[in-house]
Amino acid sequence: MTVDVQDVNDLKVEIHDGSRWQHVCAYDDLIPGRGVAVLLDGDQVAVFRDRAGTLYAVDNRDPFSGTYVLSRGIVGSRGDTPTVASPMYKQVFDLRDGRCLDEETAPDGGRAVLRVWPVRGSHRPRDTDQAGSHR
Amino acid sequence: MTTYRRPRDVILVGHGMVGQRFLEALVEQPGATGLRITVLAEEPRPAYDRVQLTSWFSGTSAEELSLCPPGFLAEHGIELRLGDPVTEIDRAARTVTTRAGHTLGYDALVLATGSYPFVPPVPGHDADGCHVYRTIEDLEAIRADADGAEVGAVVGGGLLGLEAAGALRAMGLETHVVEFAPRLMALQVDEGGGALLRRKIEELGVAVHTGAGTQRVETAADGRVRAMTLSDGRELRADLVIFSAGVRPRDQLARACGLAVGERGGIVVDEGCRTDDPAVWAIGECALAVDGRVYGLVAPGYAMAETAARALAGEPGRFTGADTSTKLKLLGVDVASFGDAHGATEGALEVLYSDSRAGVYKKLVIGTDGALLGGVLVGDTEAYGLLRPLTIGGKPLQTAPEQLVLPAGFAPGAPVGLPDDAVVCSCHNVSKAAIRAALAEQGCGSVAEVKKCTKAGTGCGSCVKLLGTIVTEELAAAGVNVDTGLCEHFAHTRSELYEIVRVKGLTRFSDLLEQHGSGEGCDICKPTVASIIAGLGGGHILDGEQAALQDTNDHFLANLQRNGSYSVVPRIPGGEITPEGLITIGEIARDFGLYTKITGGQRIDLFGASVDQLPPIWQRLVAAGFESGHAYGKSLRTVKSCVGETWCRYGVQDSVGLAIELELRYRGLRSPHKLKSAVSGCARECAEAQSKDFGIIATSTGWNLHVGGNGGMTPRHADLLATDLDRETLIRTIDRFLMFYIRTADRLERTAAWLERLDGGLDHLRAVLLDDSLGICADLDALMAQHVGGYQDEWAATLADPDRLRRFASFVNAPGTPDPAVTFVPERGQIRPARPGEHGLTLTDLTPALIAGPRLEVRTA
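Caption draft 1: Up close: the overall build of chain A. A count of helical and extended segments in chain A gives zero helices and nine strands. Its helices and strands taken in sequence order, chain A reads β-β-β-β-β-β-β-β-β from the N to the C terminus. Burial analysis of chain A (135 residues in total) assigns 55% to the buried set. Within chain A, contacts between residues at least 6 apart in sequence are counted, and of these 43% link residues at least 24 apart. With the model as given, the accessible surface of chain A reaches about 6000 Å², and the carbon-plus-sulfur share is 43%.

Written out as structure tokens, the structure is:
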């Protein structure tokens, strides 16, 4: 999704966990071109904001190293595809569908595809019941 | 032709390099099964690398020199009898008798007895203190004698003689070389090359006397050597003499049993390396090949060993002669000679290039038809890889020969027309035609693919650069666009981008991308540009847009480890640390439960921290006076040092003091790759400075600067850039070296690879840095002054800024909660990352007494 950058100050970032939208952070917490990690009821999600303001959310777990580090990768593009590169062994993933662009199969034999989470910027008042509910 | 009956008992006489190669080749033959192989050797140890013999003086052990892998003999059922040489051969009975009196029968006998050093029969040649230079035992005797000696003389200025001279010099002896011929290395180089070589050798402190024979070795009353009298009547003081005046084939055994030997020695063999007795073979330096030559080089010896091994197993093989081209580094001087180096071919013409100031001499020998016949290169052997195959090609040159010897920059840049049948890789005998076929017909599209497909460049590697040129030329001719750009977002190289950023004064990646690139960038160009901006004084690396460009290590100012945790390395300049400092680091590691290890760069690495812990860890380190060690950056790591003259009995300068000064000067300097340095306080080189990007070794009058060294996967001995510099000149030269490297190197190109690639090599570098040949030294000096003046500790600056601190959270919606997936188990009293399937605990659970330190103020959104 693209966010109107003029009123980002009170914009909240929300992720849909399959049943509802959960507030995870302020839009302003995201540096353009970098990501953050979010704890979502025990799942780890990597959330990114690109230079144009678009938000992406994928699994934080890197299938090649088994570590939860994708939120610390570098955001970029390959052709027209928005990407993130794993900081561990540098495989590149498509941020839109989670597909690995370098290798099809992970070392454990599974397909190298990240789960993609619906993400949006919202002006709804912050619901304290939902934020930080994992703690 | 007699029918060939397969032998059963094979006896090899001699276990040198060629003997061992013969055994290796023989056991590989399919027809060799069932052979009983016995080796009778004179020396007390199995085959070792005689080519590298001199390295024994610099610490390579006899075991490391060994060429016989453990278990090799047992695995193939080979019996090796050491210290029991053959003294007699009875060809009629097909037996040999050894010194110990054993008699053994053979079906096939292989003589690999090698050669012996020629000692001129002058009076006194066998006095105490006279040595030869051939075996490890010889070297042991030389070292024992050198202990009490002050002056050493080497008789013979060939390859081995100069190596021996270098060894004496390294042991601190005043060293003289006495050569009968009018020049050094008379076999390999011509008069001009010899003169240059002589000057370079003399610069190393070795006195050279050419055109001088040895008349007599003078002895003192106790029978020990005290001097040498030369043919011109001069007396040369010498406490130690090494004879290295050539070798002679050891053919006595063959002579005694009536085998044919050459007029000037050497056992006569045929193309299959067989003597005139069909049951006897001879290989290596004891054999006289069918072309009438005795080969003293190891490569032809190996070829003969393989030929004989095949012949013995009933396979055809031919040895008809070998290419004696050589390229070597002698006491740091590059020397190469190939083909008809002396212009012996009738009607041959010479093309000469000589620059005494730069210390370069190049000569090409051209035939009447315009073909390249051979040549000599001294001081700069860069062109050897191209010239030697042109010689073997034997076709008229398609390029003016002067273009081949002129230094880069003078020669027009036209590609050199290498004929199709020129052998590019002589290790695997790959011609240019085969490389073209791999590109055109087998679909190869890169050097790597061509190497895999043809094996070219996978032997000694000396042709890889030429291979690259051919591949690029061929692909370009075929219309394939050879992309030299950094990545898909920039068509520029790193050094081009550096110039753009510098000249335009850009400080933002997005501006550079907009004006000179395309797309969004990637994990290749973003950190590269971040490093360029930081190197040009672009401020804190986590400020503004720069934060998004950094690799995760730079982003968290720590090093990512395999389980997603980070390690922390505080700077310990020069490796000098107070007891208080050690205690502080120890306490911090203990309180946070971190794993500690001493690094190779003389500092301490603390492992296992989560990103949330990095600020409180650094809060305490900074409070105790520590700074970032930049272990995470492509930047200066450490300047390692030995303890130096302050404490060491042998030190001649304060190496620790200089190391600290250099480390503080260059700390935080962002560069194309990491930079390592070291300072040694004397020539013993305990700090291993010659394996560093820039290494400094103390002399009694100043400092020697070595550059371009590397350890790791592709080790490279550093080149000596300048000698006996005073402190100020030394630092100015290093300033320029580093800035010139930062300005012109490719991404992730260490100084070693950069220097290998630099047009004009070390001489060019010297001209740029010391003579300002490009007129850029003022710029380089200004850039370094800007770096030194603008340095700030990245961690102290980060701790002082709540905005920067905010991002040190594992989870944006749960600051202070470490990643639950990062777990550890105990091992040897510390922690280590839990392996897959292992039940581990988080650091917080493992370290209940965790002291979090004072709470840092973090600006919350």
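Caption draft 2: Quick look at the overall build of chain B. The secondary structure content of chain B amounts to 27 helices and 38 strands. Computed over C-alpha atoms, the radius of gyration of chain B comes to 32 Å, within 12% of the 29 Å expected from 2.2 N^0.38 for 861 residues, which places it in the range of a compact globule. Taking all 861 residues of chain B together, 53% fall into the buried category. The contacts of chain B with a sequence gap of at least 6 include a subset with a gap of at least 24, amounting to 61%. By element, 51% of the accessible surface of chain B is carried by carbon and sulfur atoms, the whole surface being about 37300 Å². For chain B, the distance from the average position of its 83 positive side-chain charges to the average position of its 109 negative side-chain charges is 2 Å.

Caption draft 3: Quick peek at the domain arrangement of chain B. Domain boundaries assigned for chain B yield domain 1 (9-116 + 249-312), domain 2 (119-245), domain 3 (494-550), domain 4 (557-633 + 801-808 + 835-861) and domain 5 (634-791). Between domain 1 of chain B and domain 4 of chain B, the C-alpha centre-to-centre distance is 61 Å.

Caption draft 4: Layout of the sheet that holds strand E33 (residues 675-680) of chain B. Residue and element names in this part refer to chain B. Reading across from one edge, E32-E33-E34-E35-E36 is the order of the five strands in this open sheet, with mixed pairing throughout. On the outer flanks of this sheet lie strand E32 (636-641) and strand E36 (719-725), each paired with one strand and no other. Within this sheet the neighbouring strands show an average axis-to-axis angle of 15°, counted without direction. Against the sheet, helix H23 (residues 761-770) touches strand E35 (702-707) and E36, its axis set at about 40° to E36.

Caption draft 5: Structural detail: helix H1 (residues 17-28) of chain B. Residue and element names in this part refer to chain B. Taking 1.5 Å as the rise per residue, H1 with twelve residues should run 16 Å; its terminal C-alpha atoms sit 17 Å apart, in good agreement. Across the twelve residues of H1, nine count as buried, placing the element largely inside the fold. Residues of H1 that are buried in the fold lie against strand E1 (9-13), strand E2 (36-40), helix H3 (72-75), strand E7 (108-111) and helix H8 (298-312).

Caption draft 6: Looking closely at unusual backbone geometry. Residue and element names in this part refer to chain B. The phi torsion at Cys273 lies on the positive side, around 70°, for a residue other than glycine. Within the element layout of this structure, Cys273 appears in the loop between strand E18 (267-268) and strand E19 (280-282). Although it is not a glycine, Asp724 sits at a positive phi angle of roughly 50°. What makes Asp724 partly exposed here is its relative accessible area of 40%.

Caption draft 7: Main features of the nonpolar core. Residues and elements named next belong to chain B. With 57 residues, the main nonpolar core has Phe694, Ile696 and Leu765 as its most contacted residues. By residue number, the principal contributor to this core is helix H21 (residues 727-744), which donates nine residues. Viewed by domain, this core spans two of them, domain 3 (494-550) and domain 5 (634-791), each represented by three or more residues. Not counting residues up to four positions away in its chain, the partners in contact with Ile696 are Leu658, Leu662, Ser677, Ala678, Val679, Ser680, Ala689, Trp703, Asn704, Leu705, Leu730 and Ile734. Judged by nonpolar contacts, the second largest core, of 51 residues, contains Leu12, Leu23, Ala25 and Val269.

Caption draft 8: Looking closely at the pattern of salt bridges. Residue and element names in this part refer to chain B. Per the counting criterion, the structure on display carries 56 salt bridges over all chains. Across the salt bridge formed by Arg91 and Asp277, the nearest N and O atoms sit 3.1 Å from each other. Residue Arg91 is found in the loop between strand E4 (86-90) and strand E5 (95-98), and its partner Asp277 is found in the loop between E18 and E19; the two are separated by 186 residues along the sequence. By relative accessible area, which is 27% here, Arg91 ends up partly exposed. The partner of Lys363 in a salt bridge is Asp190, and the shortest N-O contact between them spans 3.1 Å. One end of the pair, Lys363, is in strand E24 (residues 360-366); the other, Asp190, is in the loop between strand E11 (174-179) and helix H6 (191-203), and 173 residues separate them in sequence. Judged by relative accessible area, Lys363 falls into the buried class, the value being 1%. Within this structure, Glu499, Arg502, Arg743 and Asp779 form a network of salt bridges that share partners.

Caption draft 9: Geometry of the packing of aromatic side chains. Residues and elements named next belong to chain B. Counted under the stated rule, the structure contains 15 aromatic pairs over all chains. Where Tyr666 meets Phe694, the ring centres are 5.8 Å apart and the plane angle is 90°; that geometry is what we call edge-to-face. Taken together, the positions of Tyr666 in helix H20 (residues 655-666) and Phe694 in strand E34 (residues 694-699) put the pair 28 residues apart, joining distant regions of the chain. Take Tyr666: its relative accessible area is 0%, and that puts it in the buried class.

Caption draft 10: View of the interface of chain A and chain B. In this assembly, 34 residues from chain A lie in contact with 39 residues from chain B. Surface buried jointly by chain A and chain B totals about 2800 Å² across both partners, of which 52% is contributed by carbon and sulfur atoms. The largest per-residue losses of area from chain A upon contact with chain B belong to Arg51, Arg72 and Ile74 of chain A, which jointly make up 25% of the total buried on that side. Inspection of the region where chain A meets chain B yields three salt bridges.

Caption draft 11: Up close: the sheet that holds strand E31 (residues 604-609) of chain B. Residue and element names in this part refer to chain B. Overall, antiparallel pairing links the four strands, which are arranged E28-E29-E31-E30 in an open sheet. Strands at the two margins of the open sheet, each flanked by one partner only, are strand E28 (559-560) and strand E30 (595-598). As paired strands, E28 and strand E29 (residues 566-568) are joined by two bridges and run antiparallel to one another. When the sheet's bridge partners are listed, Asn559 is paired in E29 with Ser567. Those strands touched by helix H19 (residues 614-623) are E29 and E31, and its axis lies near 5° from that of E29.

Caption draft 12: Region of interest: the packing of H21 of chain B against H23 of chain B. Residues and elements named next belong to chain B. As a packed pair, H21 and H23 sit with axes 9 Å apart at the nearest point and diverge in direction by 120°. The two elements H21 and H23 cross, and the hand of that crossing is right-handed. Here Thr733, Arg736, Phe737 and Phe740 of H21 lie close against H23, whose contacting residues are Leu765, Val768, Leu769 and Leu770. Classifying every residue of the contact of H21 with H23 gives six nonpolar, one polar and one charged.

Caption draft 13: Fine view of the state of the cysteines. All names here are of chain B. Counted under the stated rule, the structure contains zero disulfides over all chains. Just so you know, Cys642 is unpaired, no disulfide at all, and the nearest cysteine sulfur is the one on Cys686, 5.9 Å from it. Judged by relative accessible area, Cys642 falls into the buried class, the value being 16%.

Caption draft 14: Structural view of the environment of Gly223 of chain B. Residues and elements named next belong to chain B. Inspection of the secondary structure assignment puts Gly223 in the loop between strand E13 (214-219) and strand E14 (225-230). By relative accessible area, which is 29% here, Gly223 ends up partly exposed. Contacts of Gly223, omitting those with residues within four sequence positions, involve Ala127 and Asp128.

Caption draft 15: Here's a closer look at the pairing of strand E22 (residues 333-339) of chain B. All names here are of chain B. Counting buried positions along E22 gives five out of seven residues, so the element sits mostly inside the fold. The pairing of strand E21 (residues 326-330) with E22 spans five bridges and is classified as antiparallel. Bridged to Leu330 within E22 is Val333. Linkage of E21 to E22, two consecutive antiparallel strands, is achieved through a turn of two residues, within which Leu331 is found at a positive phi near 50°. Inspection of the sheet shows E22 paired to strand E25 (residues 372-378) by five bridges, in the antiparallel sense. Note on E25: the bridge partner recorded for Gly339 is Gly374.

About the thresholds
- Residues numbered from 1 in each chain as written.
- Chains lettered and ligands numbered in written order.
- Predicted model: local features only at pLDDT ≥ 70, side-chain atom pairs only at ≥ 80, totals over all residues.
- Heavy atoms only, no water.
- Helix = DSSP H or I, 4+ residues; strand = E, 2+ residues; numbered from the N terminus.
- Buried < 20%, exposed > 50% of the residue type's maximum accessible area, 1.4 Å probe, protein only.
- Contact = heavy atoms within 4.5 Å.
- Areas by Shrake-Rupley, 256 points an atom, 1.4 Å probe, with all protein chains shown as cover.
- Rg over C-alpha atoms; globule rule 2.2 N^0.38 Å.
- Lys, Arg positive; Asp, Glu negative; His and termini not counted.
- Charge placed at Lys NZ, Arg CZ, Asp CG, Glu CD.
- Domains from an automatic or database assignment.
- Pairing = 2+ DSSP bridges.
- Axes fitted to C-alpha atoms, helices over the stretch in contact; angles between N-to-C directions.
- Expected span 1.5 Å × (residues − 1).
- Core = buried A, V, L, I, M, F, W, Y, C linked by side-chain atoms within 4.5 Å.
- Salt bridge = Lys/Arg side-chain N within 4 Å of Asp/Glu carboxyl O.
- Phe/Tyr/Trp six-rings, centres within 6.5 Å; stacked < 30°, edge-to-face > 60°.
- Buried area = accessible area lost by both parts, 1.4 Å probe.
- Left-handed = near helix turned anticlockwise from the far one by under 90°.
- Nonpolar A, V, L, I, M, F, W, Y, C, P; charged D, E, K, R; others polar.
- Disulfide = S-S within 2.5 Å.

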